[in-house]
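Single-letter residue listing:
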Amino acid sequence: MQKDKLSLYLSLASVATAGIAKGQVQYLDFNPDLELQGNLEFINIDVDQDSIDDFVLITEDTLVAAINGYYDVGRVRGGGYFNLENDFMGNRPGSYDYISMLEMMDAIGPSQAFLNGGTFAMAIDGANPFNEPWNGGATDKYLGFRFEIGDSTHYGWMRLDISADAKRVVVKDLAYSLKPDYPIAAGAMSLSSKEWNIASFLKLTSKEIWVDLPEGRGKGELLVLDVKGAVVLREELEAGQARFQLPATAGVYVVQLQFDGQFYRQKALRKPD
C-alpha cells in the first residue's frame, strides 16, 4: 500500500466518522473499519484528529530463510509514532516487549504499565512459539494507550480484530478521556465521577441484576448482551429499584446501563444453577 493511498483512505474514513464528545470522552468510529494486511504495511492513527499521527500499526507477512527451508512468518506490531510520550499498555517479560490485550471494562490509566512499542501477535508456520498476548487471533478486544495533548497525558482505548495467522488487523473504533491523567475503562464512552458511580446504582450477583436509580434525572435503559454482542435483554428503567434475572444459560454477559446522559458497561458472570 502506497503512503499517499493510505493517507487518502484515512482522510476519507475520518470525514465519514467525526468524533463525538460524550461524558468527557471523545469517541471516534472508523467507518469503514481500518483494515491492514501485507508485508511491512502500516496504518498511522491520528487519535485526536489534529493532523498529527499519534500511533502506528504494522503487519508482516514474509518467508524467512533457514537451513532446512523457509519459515512462514506473520507478525503484528505497533507503538507511538515518532513520539516517545505516546505508548501502548504492555509488559516486558525478559527482553521482549508485548502489547497487552484487554477485555471490556479493564482499567487503563496511570497505575498500568506502558511501552512505547511492541508485538501484538506472532505466528511461525501457523504456530505460536512465543507468548504474545494476541496470539491465536482476537475479535473485539481492546488496546490501551496514552498520548500527549500539549503538555497533558490522556488515556484511551482502541477496539481491534487480529487474525489467527497474525497477518491482518482491523481497527474499529477508539475513545479517550478528555480529562488529563484520568483513567478510562476499555470500551467505555464516559468517565466515572463522584456524582455518578456505577457501583451506587447497579449491583450484579451470579444470577441477578439490581438497579436503583435516583429521582429527578429521567428514564434509563438496561441492556444485557451475550459474548457475540447480541442483545438478550432490554428494559426501560424508571427511578427507583428494579430487579432482573440474568439469562438462564451460564456464561459471560455484558450489562450496559444508560442513564442521565451517561453510558456504562460491566461484565457479568452467570454461574450454573
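For the structure, see preceding data.
Calculation rules
- Residues numbered from 1 in each chain as written.
- Predicted model: local features only at pLDDT ≥ 70, side-chain atom pairs only at ≥ 80, totals over all residues.
- Heavy atoms only, no water.
- Core = buried A, V, L, I, M, F, W, Y, C linked by side-chain atoms within 4.5 Å.
- Buried < 20%, exposed > 50% of the residue type's maximum accessible area, 1.4 Å probe, protein only.
- Helix = DSSP H or I, 4+ residues; strand = E, 2+ residues; numbered from the N terminus.
- Pairing = 2+ DSSP bridges.
- Axes fitted to C-alpha atoms, helices over the stretch in contact; angles between N-to-C directions.
- Salt bridge = Lys/Arg side-chain N within 4 Å of Asp/Glu carboxyl O.

Q: How should I be thinking about the nonpolar core in this particular structure?
A: Within soluble globular proteins, side chains that are nonpolar tend to cluster in buried spots. The biggest cluster of nonpolar side chains holds 28 residues, and the ones touching the most others in it are Ile45, Val47, Phe88, Phe120, Trp134 and Met158. When contributions to this core are tallied by element, the ones reaching two or more residues are strand 2 (25–37), strand 3 (41–45), strand 4 (55–66), strand 10 (117–124), strand 11 (138–149), strand 12 (152–162) and strand 13 (168–177). By size, the runner-up hydrophobic cluster in this structure holds 20 residues, among which are Val25, Ile108, Leu191 and Leu223.

Q: In this structure, what is going on with the sheet that holds strand 16 (residues 208–213)? I would like to understand it.
A: Strand order in the open sheet made by the three strands is 15-16-19, with antiparallel pairing throughout. Only two strands of the sheet have a single neighbouring strand rather than two, namely strand 15 (202–204) and strand 19 (240–245). Averaged over all neighbouring strand pairs, the angle between strand axes comes to 15 degrees, with direction disregarded. Both strand 15 and strand 16 contribute to a ladder of three bridges, which runs antiparallel. Opposite Leu202, over in strand 16, you have Val211 as the bridge partner.

Q: How should the pattern of salt bridges be read in this particular structure?
A: One pass over the structure, following the stated rule, counts 17 salt bridges. The shortest N-O distance in the salt bridge between Arg146 and Asp87 comes to 2.9 Å. Residue Arg146 is located in strand 11, and its partner Asp87 is located in strand 6 (residues 87–91); the two are separated by 59 residues in the primary sequence. In this structure, Asp173 and Arg159 form a salt bridge, with 3.0 Å as the shortest nitrogen-oxygen distance.

Q: I would appreciate a short explanation of the pairing of strand 18 (residues 231–237) in the present structure.
A: In regular strands, side chains alternate between the two faces of the sheet. For strand 17 (residues 220–225) and strand 18, the ladder comprises six bridges, and the chain directions are antiparallel. Each bridged residue has a counterpart across the sheet, and for Glu221 the counterpart in strand 18 is Glu236. Counted along the chain from strand 17 to the antiparallel partner strand 18, the turn is five residues long, and its residue Gly229 has a positive phi close to 90 degrees.

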